[in-house]
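Close look at the chain arrangement
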2 protein chains.
Amino acid sequence: VAGAVAAVRRLPIHAVLVGPAAVLERELARHRGAAGLPLTIVEAPEAIGMADAPAVALRRKPAASIRVAASIVAAGGAEALFSAGNTGATVLAAHAAFGMLPGVDRPALASTIPTKARPAVLLDLGANAACRPPHLVQFAVMGAVYARLALGVSEPRVGLLSIGEEETKGNDLTREAHRLLKAAPLRFIGNIEARDIYSGCSDVIVCDGFTGNIAIKVSEGVVDMVEAFLRGDAGRRRPRGADSRAIPRAFARLRRRVDASEYGGAPLLGVAGVCIVGHGRSSTKAVSNGIALAARVAGDDLVGRIEQGIRGMGGFEP
Amino acid sequence: VAGAVAAVRRLPIHAVLVGPAAVLERELARHRGAAGLPLTIVEAPEAIGMADAPAVALRRKPAASIRVAASIVAAGGAEALFSAGNTGATVLAAHAAFGMLPGVDRPALASTIPTKARPAVLLDLGANAACRPPHLVQFAVMGAVYARLALGVSEPRVGLLSIGEEETKGNDLTREAHRLLKAAPLRFIGNIEARDIYSGCSDVIVCDGFTGNIAIKVSEGVVDMVEAFLRGDAGRRRPRGADSRAIPRAFARLRRRVDASEYGGAPLLGVAGVCIVGHGRSSTKAVSNGIALAARVAGDDLVGRIEQGIRGMGGFEP
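Residues numbered from 1 in each chain as written. Chains lettered and ligands numbered in written order. Predicted model: local features only at pLDDT ≥ 70, side-chain atom pairs only at ≥ 80, totals over all residues. Heavy atoms only, no water.

Here we come to the overall build of chain A. A count of helical and extended segments in chain A gives 12 helices and 10 strands. Dimensions of chain A, computed from the C-alpha atoms along their principal axes, are close to 65 × 60 × 35 Å. For chain A, the proportion of its 318 residues judged to be buried stands at 52%. By sequence separation, contacts in chain A at least 24 residues apart represent 69% of the contacts at least 6 residues apart. When the accessible surface of chain A is split by element, carbon and sulfur atoms take 51% of a total near 13,100 Å². For chain A, the distance from the average position of its 38 positive side-chain charges to the average position of its 29 negative side-chain charges is 8 Å. (Helix = DSSP H or I, 4+ residues; strand = E, 2+ residues; numbered from the N terminus. Buried < 20%, exposed > 50% of the residue type's maximum accessible area, 1.4 Å probe, protein only. Contact = heavy atoms within 4.5 Å. Areas by Shrake-Rupley, 256 points an atom, 1.4 Å probe, with all protein chains shown as cover. Lys, Arg positive; Asp, Glu negative; His and termini not counted. Charge placed at Lys NZ, Arg CZ, Asp CG, Glu CD.)

This is the structure we're talking about:
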């Protein structure tokens, strides 16, 4: 609620809050001037928890907030869906309510990530634990469209995440995907190794959802560990020195630059509607930025552009 | 050569250098008192490059240094093999020369990694891009034996790397491996997410070689990026301040703590002989530490203990 309030205060949008109306009204009332804000509450008495099995929970809870929210968007009552709840349930609900774009078999979660150079787009972050080679080609095309829009790169370089740069390296999935990507109408730069995800050599990095989820979550873990080491180390060795203040200060700046909350969320590409998935640990700012991202990609017609991009593959049949 | 010289100077070992003898002799002569060092040179005129396809190169080059070195160890001329060359070629040469331990289908590269708490063992780092569920159980048993020896943990906690803590999360491989690991004679703590690799919650982290390679190389990339950000940021914002000196100093300490060169290399577990694979970018110190690790695991009879560990699985038939 706080994130939605922050979003409607700074953006020319109207937000629909979907959930238990009594709770939402009580939360909303805590904000100054709430009555005058462009916010509507829609009742949805059920909720899907973070630990619930998505498919089962969706089937058993027809009045779950994510289902109600997705159907409002599908019916034209709103232009974009944002959720920081159960990712699997959000993906399934959006898929069911919006349907897939023609020519796309699977949706993919994409996120902009920081690199040593300009930001890049990484996908799939976990919408599909298992993928087949043609899915990765579709992800590459969708990722390139998103990179053009989100990063302003006219001809995005597309890399395939694998465990060696040579095209023979990797597993069955990456070897066959490499072959297909070479033939696809894309600026394909070949396999990239995981240490180059953040080097800035590629604007779009494509992988299956299991690998992408591992890559993004390892990254979070490494940043946490490095911070703990540097703080602990600086504190232990130079308790009164300049380092003990410098490290926390530098890390606070780093976090502002790389933090997921700055990006707000990951668009679910390939479904016939706008859906932004926020991090489960989203702050008020992250929710506000996620809603802003949803408004922006809806305004920029990301879905229409992806549809064009897929159609533009023309005779390409993997 | 410099790494081997450093190793024999500080350890009670004899090293056999395998490669083009003229080159090795010339390099060796640059070291003070080289003639008196416990070092032997064995001629091997061919070499496998980092970019060569391992299987093809091994077949075409019978006199490649890695093949000659592995056969010396297999014949009892040395107790352990160390290489910082082409990883795939090292794995194949060790496999061919030593054979596999009874009950182990695939070798796995294991490495000790730093965490927020005590170090942990991560495997497979890339010996097998594609694994089946029973392979992961064998990796878990071997990893637990190595953790006991290398980390001194009596009952290592074993975690399965996946994309969600619930046993239903993940892909076909991790779901079936989870079921097998629950039944195996191990202290299995369940799935762990990639952000917990470095949290210290698990002493042994098991995954297929594609995933392990992605995880370890993403980590290298994140550390590089974080360092670049912190240095650049500190430099840009506080050019004359304390931060600009504090950050490089703190990172130098961090690198000493997490750097691969401190660990020296990754043992190849499951083959019937000692083989340590060093990082392709190994420094003199890394090679020296890798040789020291080879000497230590040979002295501690890691191979015999793994054989016992696998046999100790008794009637367990995945």
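So, next bit.
A few words now on the pairing of strand β7 (residues 187-193) of chain B. Along β7(B), five of the seven residues are buried, which leaves the element largely enclosed by surrounding structure. With respect to chirality, the unit in which strand β6 (residues 157-162) of chain B leads through helix α7 (residues 172-183) of chain B into the neighbouring parallel β7(B) is right-handed. (Right-handed = clockwise from strand over helix to strand, strands pointing away.)

The next subject is the interface of chain A and chain B. If you look at the interface, chain A gives 52 residues, while chain B gives 52 residues. Summing both partners gives a buried area of about 5,000 Å² for chain A against chain B, and 69% of it is carried by carbon and sulfur. Considering only the side of chain A, the residues that lose the most area to chain B are A:Arg195, A:Phe210 and A:Phe229, jointly responsible for 16% of the buried surface there. Put simply, chain A and chain B have six salt bridges between them. The shortest N-O distance in the salt bridge between A:Glu220 and B:Arg195 comes to 2.4 Å. In this structure, the connection of chain A to chain B is made through eight residue pairs in polar contact (both at pLDDT 80 or more). Broken down by secondary-structure element, the contributors of at least two residues to the side of chain A that touches chain B are β6 (157-162), α8 (209-237) and α9 (243-258) of chain A. With 21 residues, α8(A) is the largest single contributor of residues to the side of chain A that touches chain B. (Buried area = accessible area lost by both parts, 1.4 Å probe. Salt bridge = Lys/Arg side-chain N within 4 Å of Asp/Glu carboxyl O. Polar contact = N/O pair within 3.5 Å; in protein donor to acceptor, adjacent residues only side chain to side chain.)

Turning our attention to the side chain of A:Ser111. Residues and elements named next belong to chain A. Mapped onto the fold, serine 111 is located in strand β4 (residues 108-113). Residue classification places serine 111 among the buried positions, given a relative accessible area of 12%. Ignoring anything within four residues of it in the chain, the contact list for serine 111 reads Ala120, Val121, Leu122, Leu125 and Ala266.

The next thing to look at is the sheet that holds strand β3 (residues 80-83) of chain A. Residues and elements named next belong to chain A. The mixed open sheet is built from eight strands, whose spatial order is β3-β10-β9-β4-β5-β8-β6-β7. Sheet topology places β3 and β7 (187-193) at the edges, where each strand pairs with a single neighbour. Within the sheet, the average angular offset between the axes of one strand and its neighbour, ignoring direction, is 30 degrees. Here β6 pairs with strand β8 (residues 204-206) via three bridges, running parallel. In the strand pairing of β8, valine 158 is matched with valine 204. Against the sheet, helix α5 (residues 87-98) engages β3, β4, β9 (266-269) and β10 (274-277), with an angle of about 180 degrees to β10. (Pairing = 2+ DSSP bridges. Axes fitted to C-alpha atoms, helices over the stretch in contact; angles between N-to-C directions.)

Residues and elements named next belong to chain B. As for its placement among the helices and strands, threonine 90 is situated in helix α5 (residues 87-98). Threonine 90 gets classed as buried once you look at its relative accessible area, which sits at 1%. Ignoring anything within four residues of it in the chain, the contact list for threonine 90 reads Ile66, Ser83, Gly85, Cys275 and Val277.

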